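Analysis of the macromolecular model
Each chain, letter by letter, is given below.
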Amino acid sequence: MTRAHVLPPAFFARPAEEVALDLLGKTLIRRRGRRLEAFGITETEAYVGPEDLACHAARGRTQRTEVMFGPAGRFYVYLIYGMYWMLNVVTGDVGHPAAVLIRGAGAIAGPGRLTRALEITSAFNGKPASARTGLWIADVGESPPADTILRTARIGVDYAGPIWAAKEYRFVLKTP
DNA sequence: GCAGTGATCATA
DNA sequence: ATGATCACTGCC
């Protein structure tokens, strides 16, 4: 079933903005033991590259941001406020650091709650989004209609200054 | 409204 | 070694 529809690295090897939009309605799948849990992705944010002052990579290539400089389709997971893990997928070409933050899936709203519910930690950092990893994204075939998608500025990025904070790089699936 | 929490990074 | 910062959440 879902295995045949695993999103390949090529899906992620595009501009973060496109990937963020296209991830809405895709299915985040987590394997825990024998069990597979599936969650429809409802909210994403794009961090588009080193020029994006809200993107961690705008501060340069460091140990933390290293994974964003690598191949698309790998997870970038980091800790925020000492408590919450943020789940991202690396996008774009090698050498161009960008990623998409997954902020909501299934009935879970909020990026910190999502990782807590799915037990996602730094153990996934740098791992490919694949069945082997135990965490991946699948295409169920139905793309959400344009009028069900809300586009806004990103959350919590005022530090990036007025230009970049105002960019409408957040995508939300309206719940019916 | 704001405290909690600790890795990360710049500065030294 | 030290201090500021932080792509959040939950409780006041």
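Residues numbered from 1 in each chain as written. Chains lettered and ligands numbered in written order. Predicted model: local features only at pLDDT ≥ 70, side-chain atom pairs only at ≥ 80, totals over all residues. Heavy atoms only, no water.

1. Here's the deal with the protein's contact with DNA strand B
Residues in close proximity to DNA strand B include Arg59, Thr62, Arg64, Leu79, Tyr81, Gly82, Met83 and Tyr84, which together make up its full environment. Atoms of DNA strand B within 4 Å of the protein belong to the sugar or the phosphate in 57% of instances, the rest to bases. Contact between DNA strand B and arginine 64: a phosphate oxygen at 3.3 Å from a main-chain N or O atom of the residue. In this structure, glycine 82 approaches DNA strand B through a main-chain N or O atom, which is 3.3 Å from a base nitrogen. (Near = heavy atom within 4 Å. Polar contact = N/O pair within 3.5 Å; in protein donor to acceptor, adjacent residues only side chain to side chain.)

2. Some words on a nonpolar patch on the surface
A contiguous nonpolar surface patch, about 400 Å² in accessible area, is contributed by Tyr81, Met83 and Tyr84. Its place among the elements puts methionine 83 in the loop between β3 (75-80) and β4 (84-90). (Patch = residues over 30% accessible without salt bridge, like charges linked within 9 Å, V, L, I, M, F, W, Y side chains within 5 Å. Areas by Shrake-Rupley, 256 points an atom, 1.4 Å probe, with all protein chains shown as cover. Salt bridge = Lys/Arg side-chain N within 4 Å of Asp/Glu carboxyl O. Helix = DSSP H or I, 4+ residues; strand = E, 2+ residues; numbered from the N terminus.)

3. Some points on the layout of surface pockets
Taking a probe equal in size to a water molecule and rolling it over the atoms shows the remaining empty space. In this model, the largest pocket occupies a volume close to 460 Å³. Around the largest pocket sit 22 residues that line it, and Tyr78, Ile80, Met86, Ile155 and Gly156 are the ones nearest its centre. At the level of secondary structure, the elements contributing two or more residues to the lining of the largest pocket comprise β3, β4, β5 (99-105) and α3 (111-118). Class assignment of the residues belonging to the lining of the largest pocket gives a composition of 16 nonpolar, four polar and two charged. (1 Å grid on protein atoms, 1.4 Å probe; cavity = no way out; pocket = protein on both sides within 12 Å on 5 of 7 lines; lining within 4 Å. Points joined across faces, edges and corners; volume = space filled by probe spheres on them. Nonpolar A, V, L, I, M, F, W, Y, C, P; charged D, E, K, R; others polar.)

4. Some thoughts on the pattern of salt bridges
Two side chains with opposite charge may pair up if their charged atoms get near one another. As enumerated under the stated definition, the model contains 10 salt bridges in all. Here arginine 14 ties to aspartate 22 by a salt bridge, and the two come within 2.8 Å at their closest N and O atoms. A salt bridge links arginine 32 to glutamate 119; the shortest N-O distance between them is 2.9 Å. Here glutamate 119 lies in the loop between α3 and β7 (135-138) and arginine 32 lies in strand β1 (residues 27-32), a separation of 87 residues in the sequence. Bridged by salt links that share partners, the residues Glu43, Glu45, Arg103 and Arg170 form one connected network.

5. What about the packing of aromatic side chains?
Summed over all chains, the structure comprises two aromatic pairs. Seen from their ring centres, phenylalanine 11 and phenylalanine 12 are 5.0 Å apart, and the 80° between their planes marks the pair as edge-to-face. Residue phenylalanine 11 is classed as buried on the basis of its relative accessible area, which comes to 13%. Here phenylalanine 12 falls in the buried class, since its relative accessible area comes to 1%. The ring of phenylalanine 11 carries the charged tip of arginine 14 above its face, separated from the ring centre by 4.7 Å. For the cation-ring pair, lysine 167 lies above tryptophan 164, with the distance from its terminal atom to the ring centre recorded as 4.9 Å. (Phe/Tyr/Trp six-rings, centres within 6.5 Å; stacked < 30°, edge-to-face > 60°. Buried < 20%, exposed > 50% of the residue type's maximum accessible area, 1.4 Å probe, protein only. Lys NZ or Arg CZ within 6 Å of the ring centre and 35° of its normal.)

6. Details of the protein's contact with DNA strand C
Taken together, 21 residues sit near DNA strand C, with His56, Asn88, Gly112, Arg113 and Tyr159 positioned nearest. The protein-proximal atoms of DNA strand C, defined as those within 4 Å of the protein, are 58% sugar or phosphate. The contact in question runs from a phosphate oxygen of DNA strand C to an N or O atom on the side chain of histidine 56, over 2.7 Å. Only β3, β4, β5 and α3 provide two or more residues apiece to the surface near DNA strand C. The element that contributes the greatest number of residues to the surface near DNA strand C is α3, accounting for four residues. A per-class count over the surface near DNA strand C returns 13 nonpolar, five polar and three charged.

7. A closer look at unusual backbone geometry
Even without being glycine, tyrosine 81 reaches a positive phi, approximately 55°. Within the secondary structure layout, tyrosine 81 lies in the loop between β3 and β4. Residue classification places tyrosine 81 among the exposed residues on the basis of a relative accessible area of 70%. With a phi angle near 55°, glutamate 119 is a residue other than glycine that sits in the positive phi range.

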